[in-house]
Amino acid sequence: MGEVPNRIVLVGFMGSGKSAVGTRLAVRLGYAFEDLDRRIEKRTGRSIAALFAERGEEAFREEELQEADAIARLDRCVIATGGGAFARPDTRARLQEGALTVWLRCNTEELLSRIPDDGTRPLAGNHAIMRALLAEREPSYRLADLEVDTSGATPGEVANRIADLIEQRTARERIAKR
Ligand code: S3P
């Protein structure tokens, strides 16, 4: 590579700050920002909550896969994904294509305290279920190229850390190529 990757895909659990960090990281890199869930809502004309309620989780996961396919054609952008996207092998494979993937890791208590049970996230609400879901998905999140600890950090701080890690990585790759 030796250059900033064409696409940076942020993965991690609900409440890990993917959208808030993504918008800031995009500004710092001069990249566009895309949010997988917002794109699904726009394309289907339904909120995520309505999609789950009317068509079920499986149908939502199919929409997610389709959208992951569509964003694999975009250039110079930072992409925030929904918390379940990277846990699906087929969707994960699409998200990984030609991209640098970054896991926004966070300690569980802080994550749970950041997720409002306001009806916008159909899978939120029950902390026991959330903990089980987190344990189930963690091995998938670990497959990301980079991980950054977001515990106690603001979205701006996390965005700067990611940008610094990317710069270090591209500098190392440049040296290795000499
Ligand atoms: C989900 C997370 C949500 C959204 C949907 C399902 C999940 O996105 O995609 O409610 O399975 O964890 P956020 O991670 O942005 O909340």
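Residues numbered from 1 in each chain as written. Predicted model: local features only at pLDDT ≥ 70, side-chain atom pairs only at ≥ 80, totals over all residues. Heavy atoms only, no water.

Draft legend 1. Layout of the overall build of the chain. Of the regular secondary structure elements, the chain holds 7 helices and 5 strands. Along the chain, helices (α) and strands (β) appear in the sequence β-α-β-α-α-β-α-β-α-α-β-α when read from the amino end. Each principal axis of the C-alpha atoms in the chain carries an extent, and together these give about 55 × 35 × 25 Å. Taken over 178 residues, the chain has a buried fraction of 44%. Considering only contacts within the chain whose residues lie at least 6 apart along the sequence, 74% involve residues at least 24 apart. (Helix = DSSP H or I, 4+ residues; strand = E, 2+ residues; numbered from the N terminus. Buried < 20%, exposed > 50% of the residue type's maximum accessible area, 1.4 Å probe, protein only. Contact = heavy atoms within 4.5 Å.)

Draft legend 2. View of the site of the ligand. Neighbouring the ligand are 13 residues; Lys18, Asp37, Arg61, Arg121 and Arg137 lie closest to it. Residue Lys18 places a side-chain N or O atom 2.5 Å away from an oxygen atom belonging to the ligand. Between the ligand and Arg121, the relevant distance is 2.5 Å, taken from an oxygen atom to a side-chain nitrogen or oxygen of the residue. Burial of the ligand by the surrounding chains reaches 93%, relative to a free accessible area of 390 Å². When atoms are counted within 2 Å of each cavity's grid points, the one that captures over half of the ligand is the largest pocket. With 3 residues, the single largest contributor to the shell around the ligand is helix α3 (residues 48-71). By residue class, the composition of the shell around the ligand is 5 nonpolar, 3 polar and 5 charged. (Near = heavy atom within 4 Å. Polar contact = N/O pair within 3.5 Å; in protein donor to acceptor, adjacent residues only side chain to side chain. Areas by Shrake-Rupley, 256 points an atom, 1.4 Å probe, with all protein chains shown as cover. 1 Å grid on protein atoms, 1.4 Å probe; cavity = no way out; pocket = protein on both sides within 12 Å on 5 of 7 lines; lining within 4 Å. Sits in = over half its atoms within 2 Å of the grid points. Nonpolar A, V, L, I, M, F, W, Y, C, P; charged D, E, K, R; others polar.)

Draft legend 3. Summary view of the sheet that holds strand β4 (residues 99-105). Here 5 strands make up an open sheet; going across it, the order is β2-β3-β1-β4-β5 and the pairing parallel. Strands at the two margins of the open sheet, each flanked by one partner only, are β2 (32-35) and β5 (146-149). Shown here is a sheet whose adjacent strand axes are inclined to one another by a mean of 25°, direction ignored. For strand β1 (residues 7-11) and strand β3 (residues 77-80), the ladder comprises 4 bridges, and the chain directions are parallel. Its bridge partner lying in β3, Leu10 is registered against Ala80. Contacting β2 and β3, helix α2 (residues 36-44) crosses the sheet at an angle of about 70° to β2. (Pairing = 2+ DSSP bridges. Axes fitted to C-alpha atoms, helices over the stretch in contact; angles between N-to-C directions.)

Draft legend 4. Seen up close, the pairing of β3. What you see with β3 is no split at all: Cys77 and Ile79 on one side and Val78 and Ala80 on the other are buried throughout. Strand direction decides the pairing type here: β2 and β3, joined by 4 bridges, are parallel. The partner of Glu34 across the bridge, within β3, is Ile79.

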